[in-house]
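Below are the chains, spelled out letter by letter.
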Amino acid sequence: MSLLSRFRAFPGALLQHAKVSYSSAATAAKLQELALEENCILVNEKDQSLGNASKRDCHRVDENGNIRLHRAFSVFLFNSKGEMLLQRRSTHKITFPDCYTNACCSHPLHDIEGEREELNALGIRRAAQRRLNYELGIPLSQARPENFHFLTRIHYADKGDGVWGEHEIDYILFLQKDVDLKPNESEVSEIRYIRRDQLDKQISGLDAPLTPWFQLILTHRLKLWWDNLHRLKKFQNLNEIERF
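Values in this document were obtained by computation on a predicted structure and should not be read as measured data. (Residues numbered from 1 in each chain as written. Predicted model: local features only at pLDDT ≥ 70, side-chain atom pairs only at ≥ 80, totals over all residues. Heavy atoms only, no water.)

**Q** Help me understand the overall build of the protein chain, please; the structure alone is not making it clear to me.
**A** The helix and strand tally for the protein chain stands at 7 helices and 10 strands. A compact globule built from 244 residues should have a C-alpha radius of gyration of about 18 Å, and the protein chain, at 17 Å, falls within 12% of that. For the C-alpha atoms alone, the extent of the protein chain along its principal axes is close to 50 × 40 × 35 Å. Counting all 244 residues of the protein chain, 53% fall into the buried class. Look at the contacts in the protein chain between residues 6 or more apart in sequence, and 68% of them connect residues 24 or more apart. Summed over all atoms, the accessible surface of the protein chain reaches about 11,300 Å², with 46% contributed by carbon and sulfur. In the protein chain, the 34 positive side-chain charges and the 33 negative ones have mean positions that sit 3 Å from each other. (Helix = DSSP H or I, 4+ residues; strand = E, 2+ residues; numbered from the N terminus. Rg over C-alpha atoms; globule rule 2.2 N^0.38 Å. Buried < 20%, exposed > 50% of the residue type's maximum accessible area, 1.4 Å probe, protein only. Contact = heavy atoms within 4.5 Å. Areas by Shrake-Rupley, 256 points an atom, 1.4 Å probe, with all protein chains shown as cover. Lys, Arg positive; Asp, Glu negative; His and termini not counted. Charge placed at Lys NZ, Arg CZ, Asp CG, Glu CD.)

Rendered as structure tokens:
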């Protein structure tokens, strides 16, 4: 069975667990296309589940400029020295390709029952574990659901290129841990750790844009949270959905 035939045989959720060698741009692009068939969790503005729709349908800008609201998460990863991991998204990504962003940004999947669990954001944490493994090669044992610090939710929208965009209730997760990294080239083209005191210099020196969600968090919250990695509980806002 060919590589692509094997992927067609998997349910969308299982695609994330598959380990393959991305030997060609065509294969990487095809994997991105197949991932659009995974089902995200649709929500209302109160983050109440409304069912599901494909990742494709959740990210297409319709003729009226609207994008379907769905649940997502953003992981900010720090090592034991307090340095933050920055990734550059692959040029093969459908939404915001070749942009810099935080360590991992993705969605819990309706296809995976455990990722629909809402109590203590457990489904989100499970999804974050899965995606860190898929995108960055972090072993599952090094990023367990209980290791993530859930800070808040942010509602934002961005029309992107007018064809593909974002409209999400974004769960913000922090993880401070030394981990093993083996980036998936279909998802990530570059990674680097940056120091807090070098943040502004590093960001201003990048040769590609930031994703809109990372820019939003950088503008409004990131520096405060980063300066307080040792006491993040003080800055939790679990009852409100923040909008900037």
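**Q** Got a minute to help me understand helix 3 (residues 25–35) in this structure?
**A** In an α-helix, one turn spans 3.6 residues; hence positions three or four apart end up facing the same way. Here helix 3 has its buried residues at Thr27, Ala28, Leu31, Gln32, Leu34 and Ala35. Seen end-on, helix 3 carries its buried residues on one side only, within an arc spanning 165 degrees. (Arc of directions from axis to C-beta.)

**Q** Explanation requested: the pattern of salt bridges in the structure shown.
**A** One side chain can pair with another of opposite charge once the charged atoms of both are near each other. The tally for this structure, following the rule as stated, stands at 19 salt bridges. In this structure, aspartate 47 and arginine 153 form a salt bridge, with 3.0 Å as the shortest nitrogen-oxygen distance. Placement of the pair is aspartate 47 in the loop between strand 1 (39–43) and strand 2 (49–54) and arginine 153 in strand 7 (residues 149–158), with a sequence separation of 106 residues. As a salt-bridge pair, glutamate 135 and arginine 131 come within 2.8 Å of each other at their nearest N and O atoms. Of this pair, glutamate 135 and arginine 131 both sit in helix 5 (residues 122–136), 4 residues apart, roughly one helical turn. Residue classification places glutamate 135 among the buried positions, given a relative accessible area of 3%. Three or more residues joined by partner-sharing salt bridges are found here, namely Arg88, Asp98, Glu190, Arg192 and Asp207. (Salt bridge = Lys/Arg side-chain N within 4 Å of Asp/Glu carboxyl O.)

**Q** Explain the side chain of serine 54 here, please?
**A** Residue placement: serine 54 occurs in strand 2. Within the structure, the side chain of serine 54 is placed 3.0 Å from the backbone nitrogen of aspartate 57, a separation counted as a polar contact. Every residue in contact with serine 54, bar those within four places of it in the chain, is listed here: Leu36, Glu37, Glu38 and Asn39. (Polar contact = N/O pair within 3.5 Å; in protein donor to acceptor, adjacent residues only side chain to side chain.)

**Q** Is there a simple way to explain unusual backbone geometry in this structure?
**A** Phi is positive for phenylalanine 96, close to 50 degrees, though the residue is something other than glycine. Relative accessible area serves as the criterion here: at 15%, phenylalanine 96 is assigned to the buried category. At asparagine 120, a position not held by glycine, the phi torsion is positive, near 55 degrees. Along the chain, the position of asparagine 120 falls in the loop between strand 6 (104–106) and helix 5.

**Q** In this structure, what is going on with the pairing of strand 2? I would like to understand it.
**A** Within a regular beta strand, the side chains point alternately toward one face of the sheet and then the other, so they alternate between its two faces. Both strand 1 and strand 2 contribute to a ladder of 5 bridges, which runs antiparallel. Following the sheet pairing, valine 43 is matched in strand 2 by serine 49. Between strand 1 and strand 2, which pair antiparallel in sequence order, lie 5 residues; one of them, aspartate 47, sits at a positive phi of approximately 65 degrees. (Pairing = 2+ DSSP bridges.)

**Q** What exactly am I supposed to notice about the packing of aromatic side chains here?
**A** The relation between two aromatic rings is expressed through the spacing of the ring centres and the mutual angle of the planes. Going through the model one piece at a time under the given rule, you end up with 8 aromatic pairs. Taking 5.7 Å as the distance between ring centres and 90 degrees as the angle between the ring planes, the aromatic pair formed by phenylalanine 174 and tryptophan 225 counts as edge-to-face. Taken as a pair, phenylalanine 174 in strand 8 (residues 166–176) and tryptophan 225 in helix 7 (residues 212–226) lie far apart in primary sequence, 51 residues in all. The two residues phenylalanine 174 and tryptophan 225 agree in class, both being buried. The residue whose ring lies beneath arginine 60 is tryptophan 164, and the NZ or CZ to ring-centre distance is 4.7 Å. (Phe/Tyr/Trp six-rings, centres within 6.5 Å; stacked < 30°, edge-to-face > 60°. Lys NZ or Arg CZ within 6 Å of the ring centre and 35° of its normal.)

**Q** What am I meant to see in the state of the cysteines here?
**A** By definition, a disulfide is the covalent link that joins the sulfur atoms of two cysteine residues. Throughout the structure, instances matching the rule amount to 0 disulfides. Unpaired in terms of disulfides, cysteine 99 finds its nearest cysteine sulfur in cysteine 105, a separation of 11 Å. Free of any disulfide, cysteine 104 has its nearest neighbouring cysteine sulfur in cysteine 105, separated by 6.4 Å. Look at cysteine 104 and you get buried, because its relative accessible area is 0%. (Disulfide = S-S within 2.5 Å.)

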